[in-house]
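Letter by letter, the chains look like this.
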Amino acid sequence: MKILVLPGDGIGPEITEATLNVLDRVNAKFRLGLEWQMAEIGLASLKKRGSTLPEDVMEAARSAPGIILGPVDHLQYPAREQGGINPSGELRVKLDLFANIRPAKSRMGVGLTGKPVDLVIFRECTEGFYADRNMFMGRGEFMPTPDVALAVRKVTARQCHRIARVAFEWARKRRKRVTAVHKANVLHISDGLFLREVRKVAQEYPDVELDEKIVDAMAALLVRDPSKFDCIVTGNMFGDILSDEASEISGSLGLAGSVMAGDDACCAQAQHGSAPDIQGQDKANPTSLILSAAMLLDWLAGRHQRNVFREAAQAIESAIDAALQSADTRTPDLGGKLGTRALGKHLAERL
Ligand code: NAD
């Protein structure tokens, strides 16, 4: 099985190298039969080939059984017409990877607020306010005059329904509680539609409790006591913001694994961005991408009925949990001194 690997920008190549170090080890140990197909995207490929996501790479993504995507520095990209395609948004739409699944777990006992965190955010990631992907043609953002800018938010019953179903399925295997996060007090129609669909799905899961929170209160409640939450379902922008908050509260944004998944494809992608402020310094925490890769293995286990992939994913999680117990094997974001490369090697050795 050939996994497409796209290292991306900024710290992307560094954390991808550490991730492949770990994956090579589980691949050999569990005889997973995985191969890596490397391809360049982002600013490097823009310079060489005029596009941040060349068409042949997009083609490879269409047929790949799984993808590992490093963070991309799309704030620096030129307009689409000049080759600046956001690989993350493009893959989500073209491969129908509508469900961004973002766990936040305090892996060192308690999180930054002194309370344990163990929750998962389910974020619909193909529509909402995200102008680079929410229209069939054109962009959901425009300027009628030089001093007026408009952004259109797209919410469809189908995508709300689908993301809610993913959240309830996960909740069934977890603590049986879903919190729907919305702003229906102001966005009556669009978030009203979101809530209507979530409530509809909830009726099919009588064993799972549904609770609803307004997004601004939710931001505070997460800090007050994150242990109150299990599965959180929400739209694109609220999910993007709350998941960074939840991960940081759990210990560090560098610990935050994530996948974007559809019915037929899955892509491992760290929650954080390309961190240009620490690029090339061997300081980045690769755990986020390594945990994302473990989530991809877990998804492949279900998709191809190969339990050994799940065993490999669990082994990676255990190796990370064990490494984080000691200050000697933590990266600088967690107060440690270990470099990106050394953590990758250490985890591979532990495995
Ligand atoms: P960022 O997530 O890259 O960084 C925020 C802060 O967290 C920085 O201080 C950074 O050093 C730190 N950080 C992030 N990842 C870390 C890691 N693994 N280990 C240690 N520290 C880490 O956010 P930003 O600086 O606002 O964005 C930089 C670029 O990334 C922008 O172009 C943005 O659009 C893009 N971005 C991409 C993705 C993605 O590819 N999935 C997600 C978010 C942002």
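Keep in mind it's a predicted model, so treat the numbers as computed, not measured.

1. Things to note about the nonpolar core
Counting residues in hydrophobic clusters, the biggest one holds 68 residues, and the most contacted among them are Val26, Phe122, Val233, Leu297 and Ile316. With eleven residues, the top contributor of residues to this core is helix H9 (residues 287–303). Sequence-distant contacts of valine 233, that is, excluding residues within four places in its chain, are made with Phe122, Ile163, Ala164, Ala167, Val178, Thr179, Ala180, Val181, Phe194 and Val198. Grouped together as the second largest cluster of nonpolar side chains are 21 residues, Leu6, Val57, Ala64 and Leu97 included.

2. So, the packing of H9 against helix H10 (residues 307–324)
With their axes 7 Å apart at the nearest point, H9 and H10 run at an angle of 160° to one another. Relative to H10, H9 is oriented roughly antiparallel. Between H9 and H10 lies a crossing of left-handed hand. Here Thr287, Ile290, Leu291, Ala294, Leu297, Asp298, Leu300, Ala301 and Gly302 of H9 come into contact with H10, specifically with Phe309, Arg310, Ala312, Ala313, Ile316, Glu317 and Ile320.

3. Let's talk about the site of the ligand
Taken together, 21 residues lie around the ligand, and Asp73, Gly273, Ala275, Asp277 and Asn285 are the ones closest in. Residue histidine 272 places a side-chain N or O atom 3.1 Å away from a nitrogen atom belonging to the ligand. Measuring from an oxygen atom of the ligand, one finds a backbone N or O atom of serine 274 at 3.1 Å. Protein contacts shield 72% of the accessible area of the ligand, which totals 820 Å² for the unbound molecule.

4. Quick look at the sheet that holds strand S12 (residues 266–269)
The ten strands lie next to each other as S2-S1-S3-S12-S11-S4-S5-S10-S8-S9, forming an open sheet whose pairing is mixed. Strand pairing shows two members of the sheet lacking a second neighbour, strand S2 (35–38) and strand S9 (209–214), which therefore form its edges. The average undirected angle you get between the axes of adjacent strands in this sheet is 25°.

5. What to know about unusual backbone geometry
Phi at aspartate 282 is positive, roughly 55°, even though this residue is not glycine. Note that aspartate 282 resides in the loop between S12 and H9. Phi is positive for glutamine 305, close to 45°, though the residue is something other than glycine. As for its position among the elements, glutamine 305 is in the loop between H9 and H10.

6. Some words on the environment of leucine 187
With respect to the helices, strands and loops of the structure, leucine 187 is situated in the loop between strand S8 (177–182) and helix H6 (190–203). Discounting residues that sit within four places of it in the chain, leucine 187 has contacts with Arg153 and Gly192.

7. Here's the deal with the packing of helix H3 (residues 55–63) against helix H4 (residues 87–94)
Where H3 contacts H4, the axes come no closer than 11 Å and their chain directions differ by 45°. With respect to H4, the element H3 is oriented oblique. Note on packing geometry: the crossing formed by H3 with H4 is right-handed. Where H3 approaches H4, its residues Met58, Ala61 and Arg62 are matched on the opposing element by Glu90, Leu91 and Lys94. The class makeup of the residues in the contact of H3 with H4 is three nonpolar, no polar and three charged.

8. A look at the pairing of S9
Pairing of S8 with S9 involves six bridges; the strand directions are parallel. Note on S9: the bridge partner recorded for valine 178 is leucine 210. Between the parallel elements S8 and S9, the chain passes through H6 in a crossover that is right-handed.

9. Considering the packing of aromatic side chains
Inspection of the entire model under this criterion finds two aromatic pairs. Consider the rings of phenylalanine 122 and tryptophan 170, whose centres lie 5.5 Å apart with planes at 70°: the pair is edge-to-face. Highlighted residues: phenylalanine 122 in strand S5 (residues 118–124) and tryptophan 170 in helix H5 (residues 157–173), separated in sequence by 48 residues. Judged by its relative accessible area of 0%, phenylalanine 122 is buried. Residue classification places tryptophan 170 among the partly exposed positions, given a relative accessible area of 30%. Ring centres 5.3 Å apart and planes at 35° place the aromatic pair phenylalanine 168 and tyrosine 205 in the tilted group. Taken as a pair, phenylalanine 168 in helix H5 and tyrosine 205 in the loop between H6 and S9 lie far apart in primary sequence, 37 residues in all. Classification of phenylalanine 168 by relative accessible area gives buried; the value is 0%. Of the residues examined, tyrosine 205 reaches a relative accessible area of 3% and is grouped as buried. The side chain of arginine 162 reaches across the aromatic face of phenylalanine 98, ending 4.0 Å from its centre.

Reading guide: rules and limits
- Residues numbered from 1 in each chain as written.
- Predicted model: local features only at pLDDT ≥ 70, side-chain atom pairs only at ≥ 80, totals over all residues.
- Heavy atoms only, no water.
- Core = buried A, V, L, I, M, F, W, Y, C linked by side-chain atoms within 4.5 Å.
- Buried < 20%, exposed > 50% of the residue type's maximum accessible area, 1.4 Å probe, protein only.
- Helix = DSSP H or I, 4+ residues; strand = E, 2+ residues; numbered from the N terminus.
- Contact = heavy atoms within 4.5 Å.
- Axes fitted to C-alpha atoms, helices over the stretch in contact; angles between N-to-C directions.
- Parallel < 35°, antiparallel > 145°, perpendicular 65-115°, else oblique.
- Left-handed = near helix turned anticlockwise from the far one by under 90°.
- Near = heavy atom within 4 Å.
- Polar contact = N/O pair within 3.5 Å; in protein donor to acceptor, adjacent residues only side chain to side chain.
- Areas by Shrake-Rupley, 256 points an atom, 1.4 Å probe, with all protein chains shown as cover.
- Pairing = 2+ DSSP bridges.
- Nonpolar A, V, L, I, M, F, W, Y, C, P; charged D, E, K, R; others polar.
- Right-handed = clockwise from strand over helix to strand, strands pointing away.
- Phe/Tyr/Trp six-rings, centres within 6.5 Å; stacked < 30°, edge-to-face > 60°.
- Lys NZ or Arg CZ within 6 Å of the ring centre and 35° of its normal.

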